[in-house]
Amino acid sequence: EVQPLMEDGRVDDPKLRARYYLRMAELYPDIGQFRKGLDAANQAWRLFRQIGDNSGEFQTAVRIARSLLQLGEYAEASSKLEIAASCCESGDL
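Residues numbered from 1 in each chain as written. Predicted model: local features only at pLDDT ≥ 70, side-chain atom pairs only at ≥ 80, totals over all residues. Heavy atoms only, no water.

Novice: Any details on the nonpolar core? Residues and values, ideally.
Specialist: Of all hydrophobic cores here, the largest spans 20 residues; its most connected members are Tyr21, Met24, Ala40, Ala44, Phe48, Ile64 and Leu68. With seven residues, the single largest contributor to this core is helix α3 (residues 34-51). In contact with alanine 44, other than residues within four places in its own chain, are Ala18, Tyr21, Leu22 and Thr60. (Core = buried A, V, L, I, M, F, W, Y, C linked by side-chain atoms within 4.5 Å. Buried < 20%, exposed > 50% of the residue type's maximum accessible area, 1.4 Å probe, protein only. Helix = DSSP H or I, 4+ residues; strand = E, 2+ residues; numbered from the N terminus. Contact = heavy atoms within 4.5 Å.)

What follows is the structure, encoded as C-alpha cells:
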C-alpha cells in the first residue's frame, strides 16, 4: 500500500523512506524474494548513513548480513556484521 507513495515521491522524508525500505527488506524473504530484500536493505542503509542515524545503520547492517547469509554469501555477511559491531561501539548502542 505504501509503495506507490514512496515511488512517486510523495514521501520525501529520508527517515521514513529508510524505515520503509528496512521493513520491506524484512518482508521480502518471507515470500522468497531474497535478492529484493537485499536491495531494499541496501537502500535503507544508504538513507540511514545519509541522515546519520546510527541505530538505523546498525539494524540495517544486521538485516543485510541476514540477507547475505540466505544467499550463501558468507564472507560479505561477516563483513557486514563487523560494520554492525562498529555502529554499536561508535554510537553507544
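From this point, the narrative continues.
Novice: Give me the lowdown on the environment of alanine 77, citing residues and values where you can.
Specialist: Residue position: alanine 77 is located in helix α5 (residues 74-91). For the pair alanine 77 and isoleucine 64, spaced 13 residues apart in sequence, the C-alpha to C-alpha distance is 7.3 Å. Ignoring anything within four residues of it in the chain, the contact list for alanine 77 reads Ala65, Leu68 and Leu69.

Novice: Quick rundown of the side chain of threonine 60? Include the residues and the values.
Specialist: Positionally, threonine 60 belongs in helix α4 (residues 54-70). Threonine 60 gets classed as buried once you look at its relative accessible area, which sits at 0%. Excluding anything up to four places from it in sequence, threonine 60 contacts Leu22, Ala41, Ala44, Trp45 and Phe48.

Novice: Could you give an account of the packing of helix α2 (residues 14-27) against α4, with specific residues and numbers?
Specialist: Running from amino to carboxyl end, α2 crosses α4 at an angle of 25 degrees, the nearest separation of the two axes being 10 Å. By the angle between their axes, α2 is roughly parallel relative to α4. At the point where α2 passes α4, the crossing takes the left-handed sense. Contacts between α2 and α4 involve Arg19, Leu22, Ala25 and Glu26 from the former and Gly56, Gln59, Thr60 and Arg63 from the latter. Taken together, the residues of the contact of α2 with α4 break down into two nonpolar, three polar and three charged. (Axes fitted to C-alpha atoms, helices over the stretch in contact; angles between N-to-C directions. Parallel < 35°, antiparallel > 145°, perpendicular 65-115°, else oblique. Left-handed = near helix turned anticlockwise from the far one by under 90°. Nonpolar A, V, L, I, M, F, W, Y, C, P; charged D, E, K, R; others polar.)

Novice: So what's going on with the packing of aromatic side chains? Which residues, and what values?
Specialist: Per the counting criterion, the structure on display carries one aromatic pair. For the ring pair tyrosine 20 and tyrosine 21, a centre distance of 5.1 Å and an interplane angle of 65 degrees mean the geometry is edge-to-face. One residue, lysine 80, lies across the ring of tryptophan 45, its end atom 4.4 Å from the ring centre. (Phe/Tyr/Trp six-rings, centres within 6.5 Å; stacked < 30°, edge-to-face > 60°. Lys NZ or Arg CZ within 6 Å of the ring centre and 35° of its normal.)

Novice: I'd love a proper account of α4, names of residues and values included.
Specialist: Here α4 contains 17 residues, and its C-alpha end-to-end distance of 24 Å stays within 8% of the 24 Å for a straight helix at 1.5 Å per residue. Those residues of α4 not exposed but buried are Gly56, Glu57, Thr60, Ala61, Arg63, Ile64, Ala65, Ser67 and Leu68. The backbone nitrogen of serine 55 has a side-chain oxygen 3.2 Å away, supplied by the residue at the start of α4, namely aspartate 53. Positive backbone phi, at 80 degrees, marks glycine 72, one or two positions downstream of α4. (Expected span 1.5 Å × (residues − 1). Polar contact = N/O pair within 3.5 Å; in protein donor to acceptor, adjacent residues only side chain to side chain.)

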